[in-house]
Amino acid sequence: MPQVKKRVVQINPSPKAAMAAYDSLYDPIDAIRDIMDNSIDANATEIRVLLSPANLQHQSVLGDMDDSSPHLIKILDNGDGVANLIKSFQIGGYTSHQTSDLGKFSVGLKSAAYHMGNLLRVVTKYRDEDGVIKAEQGCIDFAHQVNKGVWEAFLEEPCQQLLQLFDTYGYETGTLVIIEKLRKDTVGKRWKKCSGAQVALKTTGNSNPLGRTFKYFLDKVDIYVNKYKIEPEDTLLDKKPATKTIFRGTERFDGVSYAIRVNDVGPDRKARSQPMAGFHYYRSNRYIGNLALGTFSGADGGRNNHLRIEIRANGDFDKIVPPNFAKTTNTKDVDPSFVDHLLGSKAGVIIKNSCADRKKAEQEESRRKDEIRAAESYKEETELLNFNLKQSKNLFDL
């Protein structure tokens with residue numbers, strides 16, 4: 001092949017197209033959780049989500065906000081900080097993630113922030129190689145990027161007022177992420193569906209998004225939303241007296257090990273009717289989503305609404321259950337052969353048998369109810385017949 005002259009041409013991605021693609025993947029809680037993943041990867045032991053205004057129990061988080069609104073979303077942690085802030089503003093690929101890391105694509109901070117607002121500001125405190133604590137501050141103005149058509153970030157002089165927030169909570173190092181100019185057109189429509197208490201401030205019960213996502217970290221990481229401390233969600237209903245673990249073990253598929261636990265919540269119809277039935281997938285101990293592996297609900301004509309099943313694996317499992325940028329998963333992306341493997345595994349056999357047994361129990365219960373209804377109907381008809389005969393006799397005697 002003849003020698004060809006070459007020159008390097010910088011190709012910038014379109015910020016408008018990229019941000020639109022990222023934005024479509026998120027809801028607000030996904031976005032906040034994605035940013036919190038960075039805190040956990042940075043060895044934080046405290047994470048604080050600070051929503052402004054503070055009192056959100058009885059109003060929408062955003063209400064009628066627009067780009068001029070002073071309302072903010074802040075996420076503060078006491079982790080190791082970011083030694084090179086400008087790299088964290090790059091889009092993807094600057095970090096080599098381990099399979100135990102919660103991060104994967106190196107886009108979460110930018111994409112999650114853009115979903116919620118038009119301005120991302122980050123303040124970080126870290127120790128340099130000599131152990132000296134240093135501070136950096138920078139921002140990304142997404143509206144500016146879209147208008148100009150290039151990726152740009154701005155380094156700023158650290159603001160003393162923002163640095164004081166670290167001192168308020170006694171954090172020597174850590175990172176403060178601030179989402180400003182909250183966007184009504186995207187976040188508002190989704191967050192208006194429920195109040196702040198329902199979305200983020202709810203800390204107990206069976207609907208606790210942050211407690212579900214980070215429940216396996218909450219023994220060593222304290223998470224607060226404003227003044228509310230997040231407690232682990234009882235996703236598998238372990239605290240219910242009738243719940244029994246019918247299988248716990250480790251399986252292997254395509255060279256990757258995963259742990260699986262199967263809980264039977266018993267005959268309580270209320271527990272069985274709750275929306276958390278089925279398979280729950282945790283990647284590196286972080287909740288990814290509910291896998292609707294419908295094969296099991298139809299296994300041997302059985303039922304699986306009495307089961308809570310948990311699958312836990314590290315990042316090696318991504319080739320089987322691939323997460324998207326928002327750290328959620330779509331069942332259609334699950335390797336189909338994994339479902340076949342699961343059906344034939346020890347856990348799968350127990351699940352299928354349990355589903356079949358539940359179906360038989362429901363059929364028996366239905367049969368008993370039919371018999372009771374038939375007996376009650378026969379009794380009523382007999383009593384009516386006797387009453388009519390008695391009335392006829394009385395009339396005859398007259």
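Keep in mind that what you see is a predicted model, and the values were worked out from it rather than measured.

A. Geometry of the overall build of the protein chain. A count of helical and extended segments in the protein chain gives 12 helices and 13 strands. Counting the 398 residues in the protein chain, one finds 47% classified as buried. Considering only contacts in the protein chain between residues 6 or more positions apart, those separated by 24 or more positions represent 72%. A total accessible area of about 20,800 Å² is found for the protein chain, and carbon and sulfur atoms account for 51% of it.

B. Focus on the nonpolar core. If you look at the biggest cluster of nonpolar residues, it comprises 33 residues, and the most contacted ones within it are M36, L120 and I179. Broken down by secondary-structure element, the contributors of at least two residues to this core are α2 (28-41), β1 (46-51), β2 (73-77), α4 (108-116), β3 (117-127), β6 (174-182) and β7 (222-225). Those residues in contact with M36, other than ones at most four positions away along the chain, are I47, V49, I75, L210, F214 and I223. Within the second largest apolar cluster, 23 residues are counted, among which are F247, F253, Y258 and I288.

C. Representation of the side chain of K215 within the structure. Within the fold, K215 resides in the loop between α9 (209-213) and β7. Once residues within four sequence positions are removed from consideration, K215 is found in contact with P232, E233, T235, L236, Y282 and E310.

D. View of the packing of aromatic side chains. For the structure shown, the criterion picks out nine aromatic pairs. Through a chain of ring-to-ring contacts, the aromatic side chains of F253, Y258, Y281, F317 and F338 assemble into a single cluster.

E. Molecular detail of the pattern of salt bridges. In this structure the tally under the stated criterion is 15 salt bridges. For R33, the salt bridge is made with D30, and the minimal N-O distance between the two is 2.7 Å. You can see R33 and its partner D30 sitting in helix α2, three residues apart, about one turn around the helix. Grouping residues by exposure puts R33 and D30 together as buried.

F. Spatial organisation of the pairing of strand β9 (residues 244-253). As paired elements, β9 and strand β10 (residues 256-264) share nine bridges and run antiparallel to each other. Bridge assignment links F247 to a residue of β10, and that residue is V262. In this structure, the hairpin formed by β9 and β10 is closed by a connection of two residues, where D254 is found at a positive phi of approximately 50°.

G. View of the sheet that holds strand β4 (residues 133-141). If you walk across this open sheet you meet the eight strands as β5-β4-β3-β6-β2-β1-β7-β8, and the pairing is mixed. Edge strands, defined here as strands with exactly one partner in the open sheet, are β5 (154-156) and β8 (228-229). Its contacts with the sheet place α2 against β1, β2, β6 and β7, and it is angled at close to 150° to β1.

H. Representation of the environment of T235 within the structure. Mapped onto the elements of the fold, T235 is located in the loop between β8 and β9. In this structure T235 touches R212, K215, M276, H280, Y282 and R308, once residues within four positions along its chain are discounted. A distance of 2.8 Å separates polar atoms of two side chains, one belonging to T235 and the other to E233.

I. Representation of the pairing of β2. A large share of β2 lies buried, amounting to four of its five residues. One ladder, built from five bridges, connects β2 with β6; its direction is antiparallel. In the sheet register, L76 faces β6, and the bridge partner there is L176.

J. Representation of the confidence of the model for the protein chain within the structure. Confidence in the prediction for the protein chain averages 75 pLDDT; 66% of positions are at 70 or higher. When the criterion is pLDDT under 50, residues 54-70 qualifies, and its contacts beyond four places in sequence or with other chains add up to 34 contacts.

K. Representation of the sheet that holds strand β12 (residues 286-291). Taken together, five strands build an open sheet; the order of strands is β9-β10-β13-β11-β12 and the sheet is mixed. Strands with a single pairing partner mark the edges of an open sheet, and in this sheet they are β9 and β12. With direction set aside, neighbouring strand axes in the sheet form an average angle of 20°. Pairing of β10 with strand β13 (residues 307-313) involves six bridges; the strand directions are antiparallel. Within β13, the position partnered with I260 by the bridge is I311. Running at roughly 130° to β9, helix α11 (residues 336-344) makes contact with β9, β10, β11 (278-283) and β13 of the sheet.

L. The arrangement of the environment of V221 in detail. In this fold, V221 is placed in the loop between α9 and β7. Residues V221 and N43 lie 178 residues apart in sequence; the distance between their C-alpha atoms is 9.0 Å. Those residues within four positions of V221 in sequence are excluded, and the remaining contacts are A44, T45, E46 and I47.

M. Structural view of unusual backbone geometry. Unusually for a residue other than glycine, N43 sits at a positive phi of about 70°. For N43, the position within the fold is in the loop between α2 and β1. Its relative accessible area of 52% is what places N43 among the exposed residues.

About the thresholds
Residues numbered from 1 in each chain as written. Predicted model: local features only at pLDDT ≥ 70, side-chain atom pairs only at ≥ 80, totals over all residues. Heavy atoms only, no water. Helix = DSSP H or I, 4+ residues; strand = E, 2+ residues; numbered from the N terminus. Buried < 20%, exposed > 50% of the residue type's maximum accessible area, 1.4 Å probe, protein only. Contact = heavy atoms within 4.5 Å. Areas by Shrake-Rupley, 256 points an atom, 1.4 Å probe, with all protein chains shown as cover. Core = buried A, V, L, I, M, F, W, Y, C linked by side-chain atoms within 4.5 Å. Phe/Tyr/Trp six-rings, centres within 6.5 Å; stacked < 30°, edge-to-face > 60°. Salt bridge = Lys/Arg side-chain N within 4 Å of Asp/Glu carboxyl O. Pairing = 2+ DSSP bridges. Axes fitted to C-alpha atoms, helices over the stretch in contact; angles between N-to-C directions. Polar contact = N/O pair within 3.5 Å; in protein donor to acceptor, adjacent residues only side chain to side chain. pLDDT = per-residue confidence, 0-100.

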